[in-house]
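# Secondary and tertiary structure notes
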Amino acid sequence: MRTGRPALIALTALAPVSWGTTYAVTTEFLPPDRPLFTALARALPAGLLLLALARVRPHGAWWWKATVLGALNIGAFFPLLFLSAYRLPGGMAAVVGSVGPLFVVGLSAVLLGQRPRTRAVLTAVAAALGVSLVVLRSAGELDALGALAALASAASMSTGTVLTQRWGRPDGVGPLALTGWQLTAGGLLIAPVALLVEGSPPALDAPAAGGYLYLALANTAVAYWLWFRGIGRLSATQVTFLGPLSPLTAAVVGWAALGETLTPVQLVGMALAFGATLAGQLAPRGKPEPVEKVATAEPFSSASRNGRKDSMDLTVPGLRR
């Protein structure tokens, strides 16, 4: 049975909500100063797991498409995000990164032929302002490299989001397989960089192992599956307007679990950002629901030998019973 629109939005929103817990897990459980290893531990194991479950490999043009999407959404996005977080003061990285909806509005006009609407632009500005009130404690000294990295990370994820909707999915391939392709490609791109910059993996105690397990499974495998599933059924603008839920969740987790305080200004910012998130889900009048585009994909050799063309992705229409 097809998921209703409100339920689909709610499920997609679980992805940025999950990502909002990353900061608390990283600071409380993981080894310090290992951002690239953390990015690798999030992406590659999750991608390989989803590949094993989906049992579908790319075919034809989807080899390079999956690589491009993996580089934009994972391979470039993760390192740039961590670089900006380490070099910018306070929540400046989140503030700069919150311009993502504006990038998506512009890219959707160029790549999807969707004319920018005044409401979408104003909502994106309101979301960025709300996030800035929540996370920006003090201006500090602005690091040029950090600011460029934050902008590049937002541009990378926004481009990947729009291209994911433009290219759709191959025939017979569900979001599970598409997510696995991207996470694996992104993880393989991060691996040599992490090895060169940070050296061998750190020794892990039980809390760190549990933290990495959470990041790989819930925070990455499940969250990105929900995210790309949402991109296939909602507009790129609607999906990206769910992004502010990540810093909002981080603020709530910091208040509830880490003993941080929430000032009146932050509460106003949270209300503004959350309102912008809700406003971003209102589809323009007369605009039809996006249709998932499909092409062709090739199953693994074991499936071919048995005369099967399906995958283990339970969202494939032929397997929904």
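Residues numbered from 1 in each chain as written. Predicted model: local features only at pLDDT ≥ 70, side-chain atom pairs only at ≥ 80, totals over all residues. Heavy atoms only, no water.

Before going further, it helps to spend a moment on the packing of helix α7 (residues 100-111) against helix α9 (residues 144-167). Look at α7 against α9: their axes get within 9 Å of each other, and the N-to-C directions meet at 40°. Judged by the angle between their axes, α7 and α9 are oblique. The two elements α7 and α9 cross, and the hand of that crossing is right-handed. Between α7, through Gly100, Phe103, Val104, Leu107, Ser108 and Leu111, and α9, the contact on the second element is made entirely by Leu151, Ala154, Ala155, Ser158, Thr159, Val162, Leu163 and Arg166. Broken down by class, the residue content of the contact of α7 with α9 amounts to nine nonpolar, four polar and one charged. (Axes fitted to C-alpha atoms, helices over the stretch in contact; angles between N-to-C directions. Helix = DSSP H or I, 4+ residues; strand = E, 2+ residues; numbered from the N terminus. Parallel < 35°, antiparallel > 145°, perpendicular 65-115°, else oblique. Left-handed = near helix turned anticlockwise from the far one by under 90°. Contact = heavy atoms within 4.5 Å. Nonpolar A, V, L, I, M, F, W, Y, C, P; charged D, E, K, R; others polar.)

What follows is about the packing of aromatic side chains. Scanning the model with the defined rule gives eight aromatic pairs in all. Summarising the aromatic geometry, the rings of Phe77 and Phe78 are spaced 6.0 Å apart at their centres and angled 50° between planes, so their arrangement reads as tilted. For the pair Phe77 and Phe78, one class covers both residues: buried. Three or more aromatic residues joined by ring pairs form one cluster here, namely Trp19, Phe77, Phe78, Tyr224, Trp227 and Phe228. (Phe/Tyr/Trp six-rings, centres within 6.5 Å; stacked < 30°, edge-to-face > 60°. Buried < 20%, exposed > 50% of the residue type's maximum accessible area, 1.4 Å probe, protein only.)

Below, the discussion takes up α9. In a regular helix each residue adds 1.5 Å, so 24 residues correspond to 34 Å; α9 covers 34 Å between its end C-alpha atoms and thus fits that length. Gly168, located one to two residues past α9, shows a positive phi value of around 65°. (Expected span 1.5 Å × (residues − 1).)

Once that is clear, we can look at the confidence of the model for the protein. Residue-level pLDDT values for the protein average 81, and 83% of them are 70 or greater. For the protein, helix α15 (residues 301-305) is the element with the lowest average pLDDT, namely 41, and helix α4 (residues 62-75) is the one with the highest, namely 96. Throughout residues 286-321 the model reports pLDDT below 50, and contacts reaching past four residues in sequence, or to other chains, amount to 74 contacts. (pLDDT = per-residue confidence, 0-100.)

Another aspect to go through is the environment of Thr261. Along the chain, Thr261 falls in the loop between α13 (245-257) and α14 (264-279). Between the C-alpha atom of Thr261 and that of Ala251, which follows or precedes it by 10 residues, the distance is 8.9 Å.

Counted by the stated rule, this structure contains one salt bridge. Of the charged contacts, one joins Glu198 and Arg34 as a salt bridge, the two residues approaching to 3.4 Å between their closest N and O atoms. Within this pair, whereas Glu198 is found in helix α10 (residues 175-198), its partner Arg34 is found in the loop between α2 (22-29) and α3 (35-54), the two being separated by 164 residues in sequence. Across the pair, Arg34 and Glu198 agree in class, each one buried. (Salt bridge = Lys/Arg side-chain N within 4 Å of Asp/Glu carboxyl O.)

Looking at where Pro58 falls in the secondary structure, it is placed in the loop between β1 (56-57) and α4. Classification of Pro58 as buried rests on a relative accessible area of 8%. For Pro58 and Ala177, which are 119 residues apart along the polypeptide, the C-alpha to C-alpha distance reads 8.9 Å. Excluding anything up to four places from it in sequence, Pro58 contacts Trp63 and Trp181.

This part takes up the side chain of Arg42. Relative to the helices and strands, Arg42 is located in helix α3. No salt bridge is formed by the buried Arg42. Its closest oppositely charged neighbour is Glu198, at 13 Å. At a separation of 2.7 Å, a polar atom in the side chain of Arg42 contacts the side chain of Asn219. Those residues in contact with Arg42, other than ones at most four positions away along the chain, are Trp19, Thr22, Phe78, Leu215, Ala216, Asn219, Thr220 and Tyr224. (Lys, Arg positive; Asp, Glu negative; His and termini not counted. Polar contact = N/O pair within 3.5 Å; in protein donor to acceptor, adjacent residues only side chain to side chain.)

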